[in-house]
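So the chains spell out like this:
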Amino acid sequence: MTLLLFHWWYEKPGFTLVYFAVLIAALLADKTPKRTILISGLLFILCAQPIHLWTGARHLSSFLAVHIGLPSIEILVPEKTAPSTTNALEFPDLLKTKLEAQQFSVDEVLASILDSSILSGIGLIGFVIFVRFHWRILLPLLPLFLLGLFSFQSGRRFIIFLAPFVGVGYGFLLSTAVQLLLEWARNTCQEGPTSDSDQSEQRHRERKERERNRKDPTVTPESAIWPPLRWVVNRLPSGPQDRPEIIIYPILVIFFLSILPQTAISYVPNTIITPGIYASLVELRDKVPEESAFFTWWDYGYAITEATQVATFHDGGTTTSAKTYFIARGMISKDPRDLGTIASFLGSRGYDGILENSNSQQTLMRAINSSSPTDLKTPVHLLFTLDMVPKFSTIYSIGSWNGINLGPTKGYGELQCGRLRKNILYCGEISIDLNQGLINGTRPLKRALWILDGNILREKYYPVEEGLSLEILLADENHFFRIYLMDNDVFESNFNQMYLLGSYDQTLYEETYNAFPNARLFRIKADPLKKDP
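These numbers were taken from a predicted model, which means no experiment stands behind them. (Residues numbered from 1 in each chain as written. Predicted model: local features only at pLDDT ≥ 70, side-chain atom pairs only at ≥ 80, totals over all residues. Heavy atoms only, no water.)

## Some words on the state of the cysteines
No. 1: One pass over the full model with this rule turns up 1 disulfide.
No. 2: Each disulfide pairs two cysteine sulfurs, and for Cys417 the partner residue is Cys427, the sulfurs being separated by 1.9 Å. Between Cys417 and Cys427 the disulfide shows an S-S torsion of about 85°. By sign, it is right-handed. Pair noted here: Cys417 is in the loop between β6 (413-414) and β7 (419-421) and Cys427 is in strand β8 (residues 424-427), with a separation of 10 residues, a long-range link. Each member of the pair, Cys417 together with Cys427, is buried. (Disulfide = S-S within 2.5 Å. Helix = DSSP H or I, 4+ residues; strand = E, 2+ residues; numbered from the N terminus. Buried < 20%, exposed > 50% of the residue type's maximum accessible area, 1.4 Å probe, protein only.)

## Quick notes on the environment of Ile160
No. 1: Position of Ile160 relative to the elements: it lies in helix α9 (residues 159-188).
No. 2: The spatial distance from the C-alpha of Ile160 to the C-alpha of Ser112 is 9.6 Å, given a sequence separation of 48 residues.

## Brief notes about the packing of aromatic side chains
No. 1: Taken as a whole and assessed by the stated rule, the structure comprises 23 aromatic pairs.
No. 2: Taking 5.7 Å as the distance between ring centres and 40° as the angle between the ring planes, the aromatic pair formed by Phe150 and Phe158 counts as tilted. Summarising the burial analysis for this pair, Phe150 and Phe158 share the class buried.
No. 3: We note Lys391 situated over the ring of Tyr300; from NZ or CZ to the ring centre the distance is 4.7 Å. (Phe/Tyr/Trp six-rings, centres within 6.5 Å; stacked < 30°, edge-to-face > 60°. Lys NZ or Arg CZ within 6 Å of the ring centre and 35° of its normal.)

## A few points about the packing of helix α2 (residues 14-29) against helix α7 (residues 142-149)
No. 1: The N-to-C vectors of α2 and α7 enclose an angle of 130°; their axes lie 10 Å apart at closest approach. The orientation of α2 relative to α7 falls into the category oblique. Residues Phe15, Val18, Tyr19 and Val22 of α2 form the contact with α7, whose participating residues are Pro143, Leu144 and Leu147.
No. 2: Classifying every residue of the contact of α2 with α7 by side-chain character gives 7 nonpolar, no polar and no charged. (Axes fitted to C-alpha atoms, helices over the stretch in contact; angles between N-to-C directions. Parallel < 35°, antiparallel > 145°, perpendicular 65-115°, else oblique. Contact = heavy atoms within 4.5 Å. Nonpolar A, V, L, I, M, F, W, Y, C, P; charged D, E, K, R; others polar.)

## Thoughts on the side chain of Lys323
No. 1: Relative to the elements of secondary structure, Lys323 occurs in helix α15 (residues 322-332).
No. 2: At a separation of 2.8 Å, a polar atom in the side chain of Lys323 contacts the main-chain carbonyl oxygen of Phe313.
No. 3: Once residues within four sequence positions are removed from consideration, Lys323 is found in contact with Phe313, Leu346, Tyr351 and Ile354. (Polar contact = N/O pair within 3.5 Å; in protein donor to acceptor, adjacent residues only side chain to side chain.)

## Brief notes about the nonpolar core
No. 1: Core analysis: the biggest nonpolar cluster contains 69 residues, and Phe295, Phe326, Leu382, Phe384, Tyr412 and Phe495 have the highest contact counts within it.
No. 2: Looking at which element gives the most residues to this core, the answer is α15, with 7 residues.
No. 3: Those residues in contact with Phe384 that lie beyond four places of it in its chain are Met331, Phe495, Met498, Tyr499, Asn518, Ala519, Arg520 and Phe522.
No. 4: Membership of the second largest hydrophobic core comes to 18 residues, among which are Leu415, Cys427, Leu468 and Leu485. (Core = buried A, V, L, I, M, F, W, Y, C linked by side-chain atoms within 4.5 Å.)

## So, the pattern of salt bridges
No. 1: Counted by the stated rule, this structure contains 11 salt bridges.
No. 2: In this structure, the salt-bridge partner of Lys334 is Glu492, at a minimum N-O distance of 3.6 Å. Here the residue Lys334 occupies a position in the loop between α15 and α16 (336-348), and Glu492 occupies one in the loop between α20 (488-491) and α21 (494-500), the gap between them amounting to 158 residues.
No. 3: Judged by its relative accessible area of 43%, Lys334 falls in the partly exposed class.
No. 4: On the accessibility criterion, Glu492 (27% relative accessible area) is partly exposed.
No. 5: Among the charged side chains, a network of salt bridges with common partners joins Lys334, Lys410, Asp487, Asp489 and Glu492. (Salt bridge = Lys/Arg side-chain N within 4 Å of Asp/Glu carboxyl O.)

## Let's talk about the sheet that holds strand β16 (residues 519-524)
No. 1: Taken together, 5 strands build an open sheet; the order of strands is β4-β3-β5-β16-β15 and the sheet is mixed. Of all strands in the sheet, those with a lone pairing partner are β4 (311-312) and β15 (509-515), marking the two edges.
No. 2: As paired strands, strand β5 (residues 380-385) and β16 are joined by 5 bridges and run antiparallel to one another. Bridged to His381 within β16 is Arg523. (Pairing = 2+ DSSP bridges.)

## With respect to the environment of Val288
No. 1: Tracing the chain through its elements places Val288 in the loop between α13 (275-284) and β3 (293-295).
No. 2: A C-alpha to C-alpha distance of 9.1 Å links Val288 and Pro379, two positions 91 residues apart in sequence.
No. 3: Once you skip the residues sitting within four places of it in the chain, Val288 turns out to touch Phe294, Val310, His381 and Leu521.

## Here we look at the side chain of His314
No. 1: With respect to the helices and strands, His314 occurs in the loop between β4 and α15.
No. 2: The exposure class of His314 is buried, given its relative accessible area of 1%.
No. 3: A distance of 2.9 Å separates the side chain of His314 from the side chain of Thr324, its partner in a polar contact.
No. 4: In contact with His314, other than residues within four places in its own chain, are Thr296, Trp297, Trp298, Gly301, Thr324 and Ile327.

## Comments concerning a nonpolar patch on the surface
No. 1: Taken together, the side chains of Val253, Leu257, Leu260 and Ile265 define a hydrophobic patch exposed on the protein surface, amounting to about 370 Å² of accessible area.
No. 2: Looking at the secondary structure, you find Leu260 in the loop between α12 (245-258) and α13.
No. 3: For Leu260, a relative accessible area of 31% gives the class partly exposed. (Patch = residues over 30% accessible without salt bridge, like charges linked within 9 Å, V, L, I, M, F, W, Y side chains within 5 Å. Areas by Shrake-Rupley, 256 points an atom, 1.4 Å probe, with all protein chains shown as cover.)

## Focus: the pairing of β8
No. 1: Residues Leu425 and Cys427 line the buried face of β8, whereas the alternating positions Ile424 and Tyr426 sit on a face that is not buried.
No. 2: Of the pairings in the sheet, the one linking β7 to β8 comprises 3 bridges and is antiparallel in character. Note that in β8 the partner of Arg421 across the bridge is Ile424.
No. 3: Where β7 folds back on β8, the antiparallel hairpin that results is connected by 2 residues, among which Lys422 adopts a positive phi of roughly 50°.

## Quick look at the pairing of strand β11 (residues 443-452)
No. 1: Taken across its 10 residues, β11 has 8 buried, putting it largely inside the fold.
No. 2: Of the pairings in the sheet, the one linking strand β10 (residues 438-439) to β11 comprises 2 bridges and is antiparallel in character. Paired with Ile439 across the two strands is Arg443, which belongs to β11.
No. 3: Between β10 and the antiparallel strand that follows it, β11, lie 3 residues; Asn440 among them carries a positive phi value of about 55°.
No. 4: What sits between the antiparallel neighbours β11 and strand β12 (residues 455-461) is a turn of 2 residues, in which Asp453 has the positive phi angle 55°.

Here is the structure:
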């Protein structure tokens, strides 16, 4: 029943299958009667929803295919619709474009748990030793531990599963060490005498001890025990009711408090969505019909839908589909019609349309280029937000995929400029002469643009054929707040022209909302956008 509720919250049926196997393995390891195992297994299947075991096998197989190095190319045509898998159109694996899915070295993974990778490694070794001696009772935890080990293979998104076991390992090592120490101390020292007969007996034992020490110098005398430890040991209860945790727990508390600086307890992360962007999304709720759809980047997909009650073409759960590639392609294209036809195709035919036309790239592109806003059943809006500027290098790489590899990571270089004197921008080690159009006196600028409220206030061109473009975002006519440097491909992209410059084909698009720089919205007009195949 717990796994059924878990599945409702986190739809990953592979967990159900794995923990069914763990249940059976734990019962077998405990030598449970076969009848009890059978009944337990049937009750598990019934309460966890039987269909989840079937879908769990498929999910688990897909998970292992992605994360243990098997070919990670998405085959768009499933077996039930593909006439021939040899003709199935392949698209790039986009999982590794996510920062959380990028692979890190062993040292970097361990340093993500505690600042010292050595301390993290010791904790994991402690847990492995713990498993060695207590594997039967730890069987239910092993799937999570194995999931955490994927952080060494498939990205840091799995570190969250690995980190707790470092603490478990230290708990085992410390508690074991303390118990051994207490046992050694208890066997070595005893409480002092309290009566005349006890004193006589104590003197007799001391004489015997001295004689024994002369014969065997390796024996530790009671006097060698640290006095505070001897005092504590003598006051601990003895016999079958021993309570070593009286000592273990305070030591564990002190230890874990001592390593707090090694953890991220004091780290305060930045908000994923800035207040300005989220406020813009809330405003859009009253400006965009609920039956509309947003053509935007995936990162804020869930948040956009939550704030606006409007669907997006893709979000965090569908980033690896071919839709992500086509959305990126439309944004980086220099032709406004490309963006319109792609948005119209996805809005009218969706992912099913990609599957139906994926026998060849020519067939698919012909279907996309023949799409028109007249095919749309619901309004489609292009939504650009400020966070997409630093992400544009990834968008460009995905959108410029050449059929084999992802393209180059072209994007915006944000300059940290402190002052402007005599029309020369000083940005750390970079100086930009806006009079001559030179960067550090050598590299040429092709153009410089001053942008206010998302529109070009003024622009200056320099007499060169090849050069970089400079965009200066102004808070008012006399003060700038952001400066970007980019090459010509980024400058001429649909994203840059529409979002940062406010330059767009007004026969194809209508601007319906401008909260620059936080967000900007364009509606695709219901006019034909047909383009020759």
